[in-house]
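Each chain is listed here by its residues.
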Amino acid sequence: MKAAAFAYARATSVVNALELLAAHGDKAKVLSGGQSLMPAMNLRLLSPDLLVDIGGLAELQGVAVKGGTLVIGALTRHVDLLRSAEVALHAPLLREAAAHIAHPAIRNRGTLGGSLAHADPASELPACIAVLDATIVVRAPSGERRIAATEFFKGIYETALLPQELLVAVEMPARGKGSAFFFQEYARRHGDYAIAGLAARATIDDGRFSDLRLGFFAVGDRPLLAAAASKLTNVSVTPTVLADAAATLVDELDPQGDQQASPAMRRHLAQVLLRRCVAALLARPDLETGAAQ
Amino acid sequence: MTGSAMDALSVLDRPNSYIGKTVPRPNLDRLLQGRGQYVSDLELPRMAHVVFLRSPHAHARIVSIDADAARRMPGVVAVVSGRELETVITPWVGVLSHMKGLKSAPQRAIAVGRVCWQGEAVAAVVATSRAAAEDAAEQIAVDYEQLDAVTDMRTALDPSTPIIHASLGDNLAFERALHAGDVDLALSGSDAVVEAEFLFGRHTGVTLEPRAVVADWNAAEARLTIYQGTQAPHMVQNIAALHLGLKETQVRVVCKDVGGSFGIKVHIYADEMATYALSKLLRRPIKFVADRVESFNTDIHARDHRCKGRIGVKQDGTITAFEIDDLTGIGPYSMYPRTSAVEANQVVNLVGGPYLTQNYRARARVVFQNKNVMCQYRAVGHPIACSVTEGLVDLAAAKIGMDPVEIRRRNLIADDAYPCTSPSGMKFERLSHHASLTKLLQMMDYEGLRAEQAALRGTKVHRGIGIASFIEITNPSAAFYGVGGAKISSQDGVAVRLDAQGSVICQTSITEQGQGSESLTAQIVGSVLGVSMDRVRVILGDTDNTPYGGGTWASRGAGIGGEAALQAAKVLRANILDVAAAILQSTPAGLDIAGNSVVDAIDGTPRIELSELARIVYFRPDTLPPGIRPELMATRHFVPRQYPFAFTNGVQASWLEIDTETGFIKLLKHWVVEDCGTIINPQLVDEQIRGGVVQGLGAALFEKCIYDERGQLTNANMADYLVPMSGEMPDIEIGHVVSPTLESELGAKGAGEAGTAGAAAAVANAVNDALRPFGVIITEIPLTPQVILTALGRI
């Protein structure tokens, strides 16, 4: 378990990083927190010729609120999501999700940008930023472009990011008053990759959802913003309505099987998550237990 | 009992005795300050690193190996095939004569002509660094012709299944049948007969430090020094010498700190043999440290059993008979030198062991397959025997509508019925099942938990209670290996000497892998001598510098090595008092040693400090009375003779909650009451039990080596193979009942495997207890959410 030989360059600026990526194309890999990249290299699943280490770039760090927008630098570490007052205030969902990412040692190194660019379908943050209606800011030598989170994830480890581009920041609307959040995942052990997970944001008026975004993860090849949410919006949620939404959800899902869970189990758990989410957000425990029978 | 009555009392009852006290381990500061001496960290001049190119196939003929490109890679010292290595080291066959009928095929350090499991080494690459060797290994081209792989133990004996080793005639490695009493009569006279098939996942030990060895052949001395993380240095010495054509005096095995063993490091592995041979071949130090993927693919696996069980019971709760049919697949070879028949053999020995019935029929079959080799891992056979026995007892209780505690009360062997013999011939000196169960029920507030469980069921919260009584084999005599022809010592020796400044040097043949061998030895020696522990220095793990002995495995260190330490210290004490009496013009009986001084036996008045006595003995012997010949070093050895094993017993309980919608189990609490006889260091005993429980809980819920139908291990990494982690572990409360063995003066039995023996059984019983309202019975571990949801019909 020793990585194959590789060259290493410590980028001095984003411009410098982009130059290096332009010069080496897909033979280069960006090193951010290294929590997925380094194990893959040690197992020789990946053997890049060059690592472009962006870890020292101050311009990629920091969390700020600009106008009504929360801007989170790509190098923001998971532990920073847990500790940031701005995140707690404007995107508490990210803080809740970060607590489920692996273990402290990994949270101390792993970064938001790295997690999004890696695009592991079982990871928490891609689903969260999809739910939060975020925009991903990427930079190329030719300039900057913005990609909606919902358009960013293309498949297992696949994103809209081009080899010459660098993910520099994530922007999202700062939380409006009245939003409620839900986050839950099922993993064999705390810190393991989820078998199934759900991140949700809701606006609730008078006991009804006026807006509901349900971001499922680990149940498909990318985070799924479930259309089933529309079945629950602007209606009085009854067990029948919820069962109907769950049926819609199952049709939307195309989960893979692995050693922890079969596709059928993932479908089942996604429905359990849906029921528990709705019951929790509406503070209606009857919906959870009622639907379970 | 040996020694005078006063001595017998003195060991445990002396003032300032360390026995039964929690004292810090002497090696703690060293380890915590990063000054441990692990083989993984060892660097020697001219040392090269070996990496093994391993077969990607479960079963294949090696057509050709082209290593030319690899040899030209930077830093490469040599690329060595199995054929080349055969000139240096001979093959071996892992059989023992007392396992009647056990057969296996010759195994080589590196495969010759054919590979029999995914992970078997096909070539060794020796280079100046591990990384350079890995680079070169990628350049070796091996042409394989794939052969059919035998992967399912259930069909391994079918006529249509290929035979892995043609010379053996079939894939049956070992079979044992046993019939005691009259099972058919007993079952026909029962009010109910319940049966089930119990499935156990294949798992492995996952030591923090992987297997590591540095072999250093010194051609000038014609001597091989092996630095190895092993549990049995003298066994390694014997085997290395045997297969390298050396005398034992030409082999020294040094084993300092070891990062976990759990039975994984009590065997001789092919890659370790290859490393010894490579050092001899290349005449330089060679280092092999398994990486994590190699560990999963080559460290022994264990437990992969399918065991059918039957129990007969009468309406009054009397258990009438046990019957089992156990099947296990062990990989392509029986492991060397302890063999891979031992686990199945233990299952036969132990099923039904805590209970009264003498009607017992068992069959165990051990078959070959093209998977990694299986062998002994912590609590060999015990978790299987315990899960089957306790699972059947709970099924019987449910069938007749009796409380699980009540059926045990009515069937556990009475505490005053000893000595007695089990239907499988196991001799029990003295066990305490009933006292242990009573204590457990108090600790857990059984009635209170039952009430809580009933109340919560009304709110659709499903909690379960599981109880598991168990027996554990410890302190093995020569009956384990010696009688079968293995050169594995069952006795241990300790040498104790008083040095010139009154400090004590103690050399012991038991080894330390974290369980506290060093501490318990110092505690015993300090207590018996009347010397403070900080004056006692313990040396272990060096065949040149310790007495000959077995090492640390099978829960034997404290019971056997500890007794040797006690007896050696007693002799030294007597010798010291003889000299003191001469110096002080007193009598030995009038003197004692306490607080590092010779004192008056009656009133404790200090008479002479040990440092002063030692000064006189070593530097001014001319001042001693004529005829006095001081002997300030003593050696004693110990081996149990009366009982083949010192059985211990205990009982565990699990309290857990099942989310019946997700299939996830939350462990709420775990209790253990254990009887290991004399407790030398309560904290070490309790932590041994807790660690063992955690490994048992890993088996119950998480750990499984997952092979596909082609014999590929598909989860050989720490992300996919789930070891138990602290976040999922419950509080584990431990209590003790103390029934010392009378075979030794110390009275200590082993405690290292008790936790592992019964933890999974308690959890499985608790799961079935929780799921009782659903009419579901699960007899399979690990109890994954997928298994639970499937049983509940949710998916």
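Everything numeric here is computed off the predicted structure, so don't read it as measured data.

Caption draft 1: Up close: the domain arrangement of chain B. Residue and element names in this part refer to chain B. If you check the domain split of chain B, you get domain 1 (5–36 + 491–638), domain 2 (39–147 + 210–258 + 264–298) and domain 3 (386–474 + 645–791). With eight residues of domain 2 at the interface, the matching set in domain 3 holds eight residues. Between domain 2 and domain 3, roughly 710 Å² of surface is buried when both sides are summed, and carbon and sulfur atoms account for 56% of that area. Looking only at domain 2, the three residues that lose the most surface to domain 3 are Ala58, Gln118 and Phe296, adding up to 68% of its buried area. Remark: the boundary between domain 2 and domain 3 carries zero salt bridges. Applying the counting criterion to the domain 2 and domain 3 interface returns three residue pairs in polar contact (both at pLDDT 80 or more).

Caption draft 2: Broad picture of the domain arrangement of chain A. All names here are of chain A. With domains assigned, chain A is organised as domain 1 (1–176) and domain 2 (179–292). Summed over both partners, the interface of domain 1 with domain 2 buries about 2,200 Å², with 61% contributed by carbon and sulfur atoms. Considering only the surface of domain 1 that becomes buried against domain 2, His100, Pro121 and Val131 emerge as the three largest contributors, covering 24% of it. Our enumeration of links across domain 1 and domain 2 arrives at one salt bridge. For the salt bridge of Asp133 with Arg213, the shortest nitrogen-to-oxygen distance reads 3.6 Å.

Caption draft 3: Structural context of the state of the cysteines. Scanning the entire structure with this criterion turns up zero disulfides over all chains. No disulfide involves Cys420 of chain B; its sulfur sits 18 Å from the nearest other cysteine sulfur, which is in Cys386 of chain B.

Caption draft 4: Representation of helix α8 (residues 270–282) of chain B within the structure. Here α8 of chain B contains 13 residues, and its C-alpha end-to-end distance of 18 Å stays within 8% of the 18 Å for a straight helix at 1.5 Å per residue. Backbone geometry just downstream of α8 of chain B places Arg283 of chain B in the positive-phi region, at approximately 55 degrees.

Caption draft 5: Expanded view of the sheet that holds strand β29 (residues 665–675) of chain B. Residue and element names in this part refer to chain B. If you trace the four strands from one edge of the open sheet to the other, you get β20-β28-β29-β30, paired in mixed fashion. Lying at the two open borders of the sheet, with one neighbouring strand each, are β20 (462–474) and β30 (731–736). Each strand axis lies, on average, 15 degrees off the axis of its neighbour in the sheet, ignoring direction. Where strand β28 (residues 646–658) meets β29, ten bridges bridge the pair, whose relative direction is antiparallel. Paired with Ile658 across the bridge in β29 is Ile665. Sitting on the sheet, helix α14 (residues 446–457) is in contact with β20, β28 and β29, with an inclination near 145 degrees to β20. Sheet strands in contact with helix α18 (residues 682–701) are β28, β29 and β30, and its direction is about 130 degrees off that of β30.

Caption draft 6: Summary view of the pattern of salt bridges. Within this structure, the stated rule accounts for 64 salt bridges over all chains. Note that Asp211 of chain A is salt-bridged to Arg201 of chain A, the shortest N-O span being 3.5 Å. On the criterion of sequence distance, the pair formed by Asp211 of chain A in strand β13 (residues 208–217) and Arg201 of chain A in strand β12 (residues 196–205) is long-range, its members being ten residues apart. Overall, the relative accessible area of 28% leaves Asp211 of chain A in the partly exposed class. Arg463 of chain B is the salt-bridge partner of Glu657 of chain B, the closest N and O atoms lying 2.7 Å from each other. Here Arg463 of chain B lies in strand β20 and Glu657 of chain B lies in strand β28, a separation of 194 residues in the sequence. Under the relative-accessibility criterion, Glu657 of chain B is labelled partly exposed at 24%.

Caption draft 7: Focus on the sheet that holds strand β7 (residues 143–148) of chain A. Residues and elements named next belong to chain A. Strand order in the open sheet made by the five strands is β4-β5-β10-β6-β7, with antiparallel pairing throughout. The strands lining the two open edges of the sheet, one partner per strand, are β4 (63–66) and β7. Across the sheet, the mean angle separating the axes of adjacent strands is 25 degrees when strand polarity is ignored. Relative to β7, strand β6 (residues 135–140) runs antiparallel, the two sharing six bridges. The partner of Ala140 across the bridge, within β7, is Gly143. Each of β6 and β10 (166–173) touches helix α1 (residues 14–24); the most contacted strand, β10, lies at about 125 degrees to it.

Caption draft 8: Seen up close, the interface of chain A and chain B. At the junction of the two partners, chain A supplies 27 residues and chain B supplies 32 residues. Here chain A meets chain B over a buried area of about 2,500 Å², counting both sides, of which 54% is carbon and sulfur. Connecting chain A to chain B are six salt bridges. Residue Asp135 of chain B pairs with Arg44 of chain A through a salt bridge whose shortest N-O separation is 2.8 Å. Listing elements by their share of the side of chain A that touches chain B, those giving two or more residues are α11 (263–281) and α12 (285–292) of chain A. Of the residues that constitute the side of chain A that touches chain B, the class distribution is twelve nonpolar, seven polar and eight charged.

Caption draft 9: Expanded view of the side chain of Asn768 of chain B. Residue and element names in this part refer to chain B. Assignment of secondary structure puts Asn768 in helix α19 (residues 754–770). When its relative accessible area of 8% is taken as the criterion, Asn768 is described as buried. Discounting chain neighbours no more than four positions away, the residues touching Asn768 are Val776, Ile777 and Ile778.

Caption draft 10: Local environment of the packing of α18 of chain B against α19 of chain B. Residue and element names in this part refer to chain B. Across the interface, α18 lies against α19 with an axial gap of 7 Å and an inter-helix angle of 40 degrees. As summarised for this structure, α18 and α19 are arranged oblique, according to the angle between their axes. In the packing of α18 onto α19, the handedness of the crossing is right-handed. Counting all contacts with α18, which are made through Ile689, Gly692, Val693, Gln695, Gly696, Leu697, Ala700 and Leu701, the residues of α19 involved are Gly755, Thr756, Ala759, Ala760 and Val763.

Caption draft 11: Quick look at the nonpolar core. Residues and elements named next belong to chain B. Formed by 172 residues in total, the largest nonpolar core has its most connected members in Tyr276, Met444, Ile467, Val767 and Leu783. The element contributing the most residues to this core is helix α11 (residues 382–400), with nine residues. Built from parts of two domains, this core gets at least three residues from each of domain 2 (39–147 + 210–258 + 264–298) and domain 3 (386–474 + 645–791). Aside from chain neighbours lying at most four places away, what touches Leu783 is Ile665, Ala700, Leu701, Val763, Ala764, Val767, Ile778 and Ile788. Membership of the second largest hydrophobic core comes to 48 residues, among which are Val528, Leu566, Leu584 and Ala748.

Quick notes on the rules
- Residues numbered from 1 in each chain as written.
- Chains lettered and ligands numbered in written order.
- Predicted model: local features only at pLDDT ≥ 70, side-chain atom pairs only at ≥ 80, totals over all residues.
- Heavy atoms only, no water.
- Domains from an automatic or database assignment.
- Contact = heavy atoms within 4.5 Å.
- Buried area = accessible area lost by both parts, 1.4 Å probe.
- Salt bridge = Lys/Arg side-chain N within 4 Å of Asp/Glu carboxyl O.
- Polar contact = N/O pair within 3.5 Å; in protein donor to acceptor, adjacent residues only side chain to side chain.
- Disulfide = S-S within 2.5 Å.
- Helix = DSSP H or I, 4+ residues; strand = E, 2+ residues; numbered from the N terminus.
- Expected span 1.5 Å × (residues − 1).
- Pairing = 2+ DSSP bridges.
- Axes fitted to C-alpha atoms, helices over the stretch in contact; angles between N-to-C directions.
- Buried < 20%, exposed > 50% of the residue type's maximum accessible area, 1.4 Å probe, protein only.
- Nonpolar A, V, L, I, M, F, W, Y, C, P; charged D, E, K, R; others polar.
- Parallel < 35°, antiparallel > 145°, perpendicular 65-115°, else oblique.
- Left-handed = near helix turned anticlockwise from the far one by under 90°.
- Core = buried A, V, L, I, M, F, W, Y, C linked by side-chain atoms within 4.5 Å.

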